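Spelled out from the first residue to the last, the chains are:
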Amino acid sequence: MTHRTRPPSRICPNCDGFASAAITLGGRDRNDHLRTVTAHCPACHGTGTARRSSAREDARV
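It should be emphasised that the depicted structure is a prediction, and the values quoted were computed from it without experimental measurement.

What counts, and where the lines are drawn
- Residues numbered from 1 in each chain as written.
- Predicted model: local features only at pLDDT ≥ 70, side-chain atom pairs only at ≥ 80, totals over all residues.
- Heavy atoms only, no water.
- Helix = DSSP H or I, 4+ residues; strand = E, 2+ residues; numbered from the N terminus.
- Buried < 20%, exposed > 50% of the residue type's maximum accessible area, 1.4 Å probe, protein only.
- Contact = heavy atoms within 4.5 Å.
- Areas by Shrake-Rupley, 256 points an atom, 1.4 Å probe, with all protein chains shown as cover.
- pLDDT = per-residue confidence, 0-100.
- Pairing = 2+ DSSP bridges.

Time to look at the overall build of the protein. Looking only at helices and strands, the protein has 1 helix and 2 strands in total. Counting helices and strands in the order they occur from the N terminus, the protein gives β-β-α. Expressed as a percentage of the 61 residues in the protein, the buried residues total 10%. Long-range contacts, defined as pairs at least 24 residues apart, comprise 51% of the intrachain contacts of the protein with a sequence gap of at least 6. As displayed, the protein offers around 6000 Å² of accessible surface, 51% of which is attributable to carbon and sulfur atoms.

Right, here's the structure in full:
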């Protein structure tokens with residue numbers, strides 16, 4: 001019996017699958033921890049995968 005496999009997920013073309021990044025703000029806080037912010041890819045909203053498009057969206061009129 002064969003196993004059903006899911007179709008491969010589409011990697012976001014804008015971030016190449018690296019959807020989130022921690023960026024240092026420079027300096028440290030009073031507890032000596034690095035101050036960072038997390039930035040998410042605006043195209044995939046931090047998921048790393050692109051939305052599947054239907055055939056009608058790709059068709060030209």
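That was the structure; now back to the text.
Here F18 is to be found in the segment before β1 (20–28). Taking the C-alpha atoms as reference points, F18 and G46, 28 residues apart in sequence, are found 8.2 Å from one another.

Turning next to the confidence of the model for the protein. Chain-level statistics for the protein give a pLDDT mean of 81 and a share of 79% at 70 or above. When the elements of the protein are averaged for pLDDT, helix α1 (residues 55–58) gives the smallest value, 50, and strand β2 (residues 34–40) the largest, 93.

Looking now at the pairing of β1. Successive residues of a regular strand alternate their side chains across the two faces of the sheet. Pairing between β1 and β2: 6 bridges, direction antiparallel. Looking across to β2, one finds that A21 is bridged to A39. Between β1 and β2, which pair antiparallel one after the other, the connecting turn spans 5 residues, and D32 there sits at a positive phi close to 70°.

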